[in-house]
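# Summary of structural features
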Amino acid sequence: MTDDHDFNEPEKVSFTIDSGLLFQLGEELVARSSLALAELVKNAYDADATEVTVSMLGIRKPGGRIIVRDNGNGMTLDELRSGWMRIATPGKRTQTYSRRFHRPLTGAKGVGRFAARRLGEKLRLRSVAEANNHKEGLEVTFDWTHDFPPGKELTTIPVLVTQKAVPASKPTGVVLRISDTRDVWTNQDLRVLLRDLMSLQSPFPDLVQELQTDLERSVRDEHPDRINNEAEYDPGFKFTLKVDGEPVVEQVTSEVTEVLLARAVAVLDGEVVEVDVSDETGGISKVARAAYKLTLTQSKGKPLTLLDEDVTYRGLIGARFRVYMFRYEPDKFRYEADAVTDNPISLRDAQRIGRENGGVRIYLNGFRVFPYGDQGDDWLELDQTAARNTNFGTVVDSGGFIQSKIEGAGSRAFLQLPRNNQVFGAVMISSRLHPVIGVNVSRERLIENDAFAQLKLLVQRGVYWMTLRYTAFTRQEQEIKRLEIKAMPLPDVVRDLADSIDKNPAISAEQRQMLVTELRSVARRAETELETHIGELSLLRILASAGTMLAIMSHQLQVLVSGVSHIREDLERLRQDLPSKHWPAIDELLRRVNNWQELVTQQTGFLNILLSPESRTRRRRLLFKDIVGKVHDVLRFYLEEYGVKFQNFVPDTLRTPPVFEAELYAVLLNLMSNALKAVHGHKDQRVGVLARRDERGFIFQVLDSGKGLPKERWEVVFDPLETDSIPNPLLGVGTGLGLKVVRDLVSQYGGTARFVDAPASWVTCVEVFIPINTPR
Amino acid sequence: MTGQKFKVFYIDDQIDSINTDANRIRAVINTDSEFDCELVPPPDNFAKVLEWQMDALLVDLDLSTPNTHGQRVSYYGSTLASEIRVQQPNRPIILTTGQAKERWKVQVLDDNSDADLIWFKGEIIANSDQFRSELRNLILGFRRLAEEQNRTFEGLMTLLGAEDEDEKRLLRESGLPLRRRLKEDDAIQETGVDEDSGAAVPPHSRLRKRDEKSAPTEWQVPNVARWLRTVVLEYPGVTYDAATAAARLGISKASFESPEVQALFASAMYRGPLSEARPHWWRGQLLLIATDVILAGKTHGTLPEAFSKAFEKVHGVAMDPSLCVVDGSQGASWLCHVLRQPVQIANSLTYFPDARPSVMEQARVSFKAIRTSPLFDEALVDPQDRAFVEQLWDQDQ
């Protein structure tokens, strides 16, 4: 381009608007059809409706109908003309609350009409509104496809409005009838719609209500000029969704209830307040500062407070939030005593809820702004910071103000920063109080301007302070625990120490309680140690008992183990070589060999149980019938060989008190092998086990039909090396230790073992009693 | 199967005598004409492994028996399995062992070895039908995975047939074995010298050092096969087996397996790799279909209450309800982990019998199992529930 070109006279041009813009705006401003419908519901709310019903008919395929009916203020012709029909109307920017109930307006950009365009090809709008002391009805139809084709100048398309007077009794409101719907609504879409609408409410309504009330009060107290005192009492807002005429009953109950929130380890409240600050010249000026309050639920002390003098939050006075912080540890999620029927939250449940609902949400005028606090959203950068192990302080507290207020948190306290799944929170802001905060035109985000950055910092600094404070507190607790464990005496000594501290008035009640709790915990640990030693002692006794069992097993295993599989293979090979008339005999041999093999498996399995570490180190309440059955399996070979009948009379569900499984086997094995020896060679060879439980404890009896034991020997045979057993070809000679071992083992549980009179039809009965509350 | 038999190599040190377990196992595998199992002595040189043309490999764990020349190999079957996994990653490997005393080793191997399955020889012979079924499933599953060219997350989702976004998300979160792809020059660095310090570093350190976050991720056949078998198809959450699906819908397993119900849920069936052994259904798709039936039937109530009523209204076929194993009440929508029977949530407790990923549904144990089953372990309930377990037990005394 050069200077010597000649130009014609300037010509006037102006912008024109293509009618395709309506579609384009609808498509681009409202991302999802469910969000478009939600916008229409919000419009009803803004129009002071107390009820809105959305009916969706035939929407499983394109061409259905959606009817949105509300009982709000309705729309006069003037309002239709200057509001609805004018694109980018500033109406809601100047008017920030509804005229009747003084509700903060939720739809701020006039997206509703585009939402209607987004949803269907036709729209019929009917309205009844108050106008100059009479009711005015109007009806207008938009055939988007036919009347507003792309390429046509939007401002030249006439829209015919029918206006008529209606009786005064006719209620006000708007009915939007959207027909020829564009989208196919699946159940998934309906679920998303419900979610969007329900999410307008809070998952923790009490918290949001509380914060919202605080916010409203703040407006009334500090900014009375912004309140319309003529506002009527707001009776609330009810929303119903009907699909093909049927109300959709959606059970949306939030799990983030008091039950969970009560288990938070820390609760942080924050608010931007106006404080007086003296400047360099000695004058006083007002600035907006963050005031935080932290309640550490494990600490009995007063809530901690912090006035953040390092940051000024311009334009955010009155903004407030609450964050609950969780640590998913077993001791933080105990049931209450009677909570079995109270839907308590287990650790796993809490972790799941944290995963699904954790995060800090933002509420503008009481309505949720997406996606803040959604799964995957990390607007506070908690996940990102925690994942990288970076110091949150360098990001949000570069001046070190917060750090300087904490002692004892340690240099790596930032590593304790909670992730989003560990916090539940709500931030409340108001478009009246905080006009600097704006909603993005997509309706799904706040405009990320300086004010938003400040809001973010407000919460981040609070969370950072909470993290350091909580870490300092837990370190202090751990230090106390460490010192006590280091000097751990025997359990009783520790308990004495705890008792003396409990009575010491020189220590503050808070510290006293903390110390006593810890010391008693140490005593319990000492007891556990002691239990381990007892376990070792019991092993020695079990080994003595194992002699009896090994006598049985060595006999059987010598015969079976080495050759059993080879015999089977030989037999199978032999069978193939023999004429078929011999097969039955071979098959019988094979059956017996397999039987032996099975027996070996049972024996070795039993030995494994007896000697497995868990059976000696973990006390369990065992199903006694099952235990008796297993001992019977071990002895089955003997029982079959010698024709002894065994009867297990134990009830199906009877359980022992907490015992070491190996010890119970040892007791039963000794008693049952004695019974087998006693019946050996008798005509009536029966052995049985009875068991029951009474108010004192667990009782079982081992019975036999053998030779009997004179009463004068009933006690003597419990002495070491005393035996009345007859030498047995399989079970060997009694060692005289079996009953001694039984009594020793049982006495560990505070129990007894003795001979008693046998029930009818039985000759001998040994009764074992184990109290319900066995000593630890 | 395209007329070709499944070629199975069985590496065992005792193949000379006809009466060995190896020969017996070969015989039971070859009972089915689909298979051609061949016994192979342990190779003295691992390079031979590359030449093996096979569909699956069985390896005996103990290869210490000398051959007829008195020679024996100096490695275990698990070592050979590792080598084969590297050289032929698209072939399934089954480790066999005959010694009961080695059960503890099996536990360790199950967690750490490269074998896809471990079977005791005696159990292969005793349960030959089941063994062949699993072998077939593995061979076909590995084939389908190996044929897939698109080794990205999306490629895998397409192969599996995961359509629903929720299912894809769950699959991603369930420990999906995606690994960053090594660059070409990474692959050739077998050993090296640290560029900064000059010190020699083992290959794995070198790979990690050169592994760039920007590198695309990809999956490997054996890893995905294991993930599918031991996670996706093992725990309810992304998929359901028939018993769990039936319980979720509030109907008996027999009703769920009826032709009418099977036809309804045919599109929700998992048809991806390793689907041959036991049928599974995509959870999300199954529930969506069930919801459609409920909406069509205009019945109300929770899913297990509403589905059978709706199904009867829409399809004219009555369903037997799932009955709670504890009190016989209808519409039991959970499965007792111990008894494998339907149970009401109110008649059961959360149970933690395994290390399933958190995206999977939690296991539950019925009050009946708690009371009567020796397989129930009170240590596996939530610590807060233990007092309640005690209460249950005390009620029975």
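The rules behind these values
Residues numbered from 1 in each chain as written. Chains lettered and ligands numbered in written order. Predicted model: local features only at pLDDT ≥ 70, side-chain atom pairs only at ≥ 80, totals over all residues. Heavy atoms only, no water. Helix = DSSP H or I, 4+ residues; strand = E, 2+ residues; numbered from the N terminus. Areas by Shrake-Rupley, 256 points an atom, 1.4 Å probe, with all protein chains shown as cover. Buried < 20%, exposed > 50% of the residue type's maximum accessible area, 1.4 Å probe, protein only. Contact = heavy atoms within 4.5 Å. 1 Å grid on protein atoms, 1.4 Å probe; cavity = no way out; pocket = protein on both sides within 12 Å on 5 of 7 lines; lining within 4 Å. Points joined across faces, edges and corners; volume = space filled by probe spheres on them. Nonpolar A, V, L, I, M, F, W, Y, C, P; charged D, E, K, R; others polar. Phe/Tyr/Trp six-rings, centres within 6.5 Å; stacked < 30°, edge-to-face > 60°. Lys NZ or Arg CZ within 6 Å of the ring centre and 35° of its normal. Axes fitted to C-alpha atoms, helices over the stretch in contact; angles between N-to-C directions. Left-handed = near helix turned anticlockwise from the far one by under 90°. Pairing = 2+ DSSP bridges. pLDDT = per-residue confidence, 0-100. Core = buried A, V, L, I, M, F, W, Y, C linked by side-chain atoms within 4.5 Å. Salt bridge = Lys/Arg side-chain N within 4 Å of Asp/Glu carboxyl O. Polar contact = N/O pair within 3.5 Å; in protein donor to acceptor, adjacent residues only side chain to side chain. Disulfide = S-S within 2.5 Å.

This brings us to the overall build of chain B. What chain B contains, in helices and strands, is 17 helices and 15 strands. Summed over its atoms, the accessible surface of chain B is roughly 18800 Å², and 49% of this surface lies on carbon and sulfur atoms.

As a further point, take the overall build of chain A. Of the regular secondary structure elements, chain A holds 22 helices and 22 strands. Put simply, chain A has 776 residues, and 48% of those count as buried. Sequence separation of at least 24 residues holds for 75% of the intrachain contacts in chain A that already meet a minimum separation of 6. Of the roughly 38600 Å² of accessible surface on chain A, a fraction of 51% belongs to carbon and sulfur atoms.

Here the idea is plain: a probe the size of a water molecule rolls over the atoms and shows the empty space left. Residue and element names in this part refer to chain A. Across all of its chains, the model carries one cavity of 30 Å³ or more by this definition. Its volume calculated, the largest cavity comes out at about 60 Å³. In terms of lining, the largest cavity is formed by V659, F660, E663, L664, V667, F700, L745, V746, Y749, V768 and I770. Its residues placed into classes, the lining of the largest cavity shows ten nonpolar, no polar and one charged.

Looking now at the packing of aromatic side chains. Residue and element names in this part refer to chain B. Under the criterion given, the structure shown has 29 aromatic pairs over all chains. Seen in terms of ring centroids, F376 and W393 are 6.3 Å apart; in terms of plane orientation they differ by 80°. Their pairing is edge-to-face. One end of the pair, F376, is in the loop between α16 (367–372) and α17 (386–396); the other, W393, is in helix α17, and 17 residues separate them in sequence. Look at F376 and you get buried, because its relative accessible area is 1%. Judged by its relative accessible area of 1%, W393 is buried. The ring of F153 carries R172 above its face, with NZ or CZ at 3.7 Å from the centroid.

Here we come to the packing of helix α21 (residues 661–679) of chain A against helix α22 (residues 738–747) of chain A. All names here are of chain A. At their nearest, the axes of α21 and α22 sit 9 Å apart, and the two run at 150° to each other. Crossing handedness for the pair α21 and α22: left-handed. In contact with E663, A666, V667, N670, L671 and N674 of α21, α22 contributes G738, L739, V741, V742, L745 and V746. Here the contact of α21 with α22 is built from residues that sort into eight nonpolar, three polar and one charged.

Quick look at the pairing of strand β13 (residues 359–364) of chain A now. Residue and element names in this part refer to chain A. In terms of burial, β13 is a largely internal element, six of the six residues being buried. Neither face of β13 is open: one carries G359, R361 and Y363, the other V360, I362 and L364, and all of them are buried. Pairing geometry for β13 and strand β15 (residues 423–429), over six bridges, is parallel. When the sheet's bridge partners are listed, L364 is paired in β15 with I429.

Turning our eyes to something else, we now look at the sheet that holds strand β17 (residues 645–648) of chain A. Residues and elements named next belong to chain A. Pairing is mixed in the open sheet, where five strands are placed in the order β17-β19-β20-β22-β21. Only two strands of the sheet have a single neighbouring strand rather than two, namely β17 and β21 (752–756). The average angle at which neighbouring strand axes cross in this sheet is 15°, direction not considered. As judged from the four bridges shared by β17 and strand β19 (residues 686–693), these two strands associate in the parallel manner. Across the sheet, residue Q647 finds its bridge partner in β19, namely G688. Running at roughly 130° to β21, α22 makes contact with β21 and β22 (764–771) of the sheet.

Before going further, it helps to examine unusual backbone geometry. Positive phi, normally seen in glycine, also occurs at D48 of chain A, with a value near 65°. Looking at the secondary structure, you find D48 of chain A in the loop between α2 (33–46) and β1 (51–57). Unlike most non-glycine residues, L274 of chain B shows phi in positive territory, near 65°.

In regions of low pLDDT, the predicted coordinates are not meant to be interpreted in detail. Of all residues in chain B, 87% have pLDDT values of 70 or greater, and the mean over the chain is 83. Below pLDDT 50 for its whole length, residues 186–211 of chain B participates in 27 contacts with residues either more than four positions away or in separate chains.

Residue and element names in this part refer to chain B. The five strands are arranged β2-β1-β3-β4-β5 in an open sheet whose pairing can be described as parallel. Unpaired on one side and paired on the other, β2 (35–40) and β5 (117–120) mark the two borders of the sheet. Direction aside, the axes of adjacent strands within the sheet are offset by 25° on average. Docked against the sheet, helix α2 (residues 77–87) engages β1 (6–11), β3 (56–60) and β4 (93–97), running at close to 175° with respect to β4. The sheet strands contacting helix α5 (residues 128–147) are β1, β2, β3, β4 and β5, and the helix crosses β1 at an angle near 115°.

This next bit is on helix α11 (residues 242–249) of chain B. Residue and element names in this part refer to chain B. Counting buried residues in α11 gives eight out of eight residues, a clear majority hidden from the surface. Taken together, the buried positions of α11 are A242, A243, T244, A245, A246, A247, R248 and L249. As for α11, its buried residues are in contact with β10 (239–241), α12 (253–256), β11 (280–282), α14 (283–297), α15 (303–315) and β12 (334–335). Of the residues trailing α11, G250 is marked for its positive phi of about 75°.

Residues Y292, Y313, I362, W379, L446, L455 and V459 of chain A are the most contacted members of the largest nonpolar core, which totals 53 residues. Listed by contribution, the elements that provide at least two residues to this core are β9 (266–278), β10 (284–296), β12 (320–325), β13, α12 (392–396), α13 (401–404), β15 and α14 (450–486) of chain A. Looking at which element gives the most residues to this core, the answer is α14 of chain A, with 14 residues. Listed in part, the 50 residues of the second largest apolar core include A56, F131, L145 and A162 of chain B.

With that settled, consider the side chain of K168 of chain B. Positionally, K168 of chain B belongs in helix α7 (residues 165–173). Judged by its relative accessible area of 15%, K168 of chain B falls in the buried class.

The next point concerns the pattern of salt bridges. Residue and element names in this part refer to chain A. Per the counting criterion, the structure on display carries 46 salt bridges over all chains. With a closest N to O distance of 3.2 Å, K740 and D744 form a salt bridge. Linking K740 with D744, this pair stays in helix α22, spanning four residues, or about one helical turn. Residue R754 is joined to E767 by a salt bridge in which the shortest nitrogen-to-oxygen separation is 3.1 Å. You can see R754 sitting in strand β21 and its partner E767 sitting in strand β22, a full 13 residues away along the chain. Since its relative accessible area comes to 40%, R754 is described here as partly exposed.

What follows concerns the environment of D397 of chain A. All names here are of chain A. Note that D397 resides in the loop between α12 and α13. Once you skip the residues sitting within four places of it in the chain, D397 turns out to touch D310, F392, I402, Q403, R461 and Y464. A distance of 3.0 Å separates the side chain of D397 from the backbone nitrogen of F401, its partner in a polar contact.

All names here are of chain A. One can find P171 in the loop between β5 (161–165) and β6 (173–181). Looking at P171, the relative accessible area reads 60%, which means it is exposed. Linking P171 and A129, residues 42 residues apart in sequence, is a C-alpha distance of 8.2 Å. Leaving out residues up to four positions away in the same chain, P171 has contacts with V128 and K135.

The next subject is the state of the cysteines. All names here are of chain B. Taken as a whole and assessed by the stated rule, the structure comprises zero disulfides over all chains. Note on C324: no disulfide assigned, nearest cysteine sulfur contributed by C336 at a separation of 9.4 Å. On the accessibility criterion, C336 (0% relative accessible area) is buried.

Here we come to the environment of R126 of chain A. Residues and elements named next belong to chain A. Structurally, R126 is set in strand β3 (residues 120–131). Sequence separation of R126 and V161 is 35 residues, and the distance between their C-alpha atoms is 9.8 Å. Among all residues touching R126, those that are not within four sequence positions of it are L138, E139, G173, V174 and V175. Side-chain polar atoms of R126 contact the side chain of E139, separated by 3.0 Å.

This part covers the confidence of the model for chain A. All names here are of chain A. Scored by pLDDT, chain A comes out at a mean of 77, with 72% of its residues at no less than 70. For chain A, per-element mean pLDDT is lowest for helix α4 (residues 91–94), which scores 47, and highest for β6, which scores 94. Within the model, the stretch residues 225–231 combines pLDDT values under 50 with 14 contacts to residues more than four positions away or in other chains. Note that residues 335–343 has pLDDT below 50 and, in this model, ten contacts with residues that lie over four places away or in other chains.

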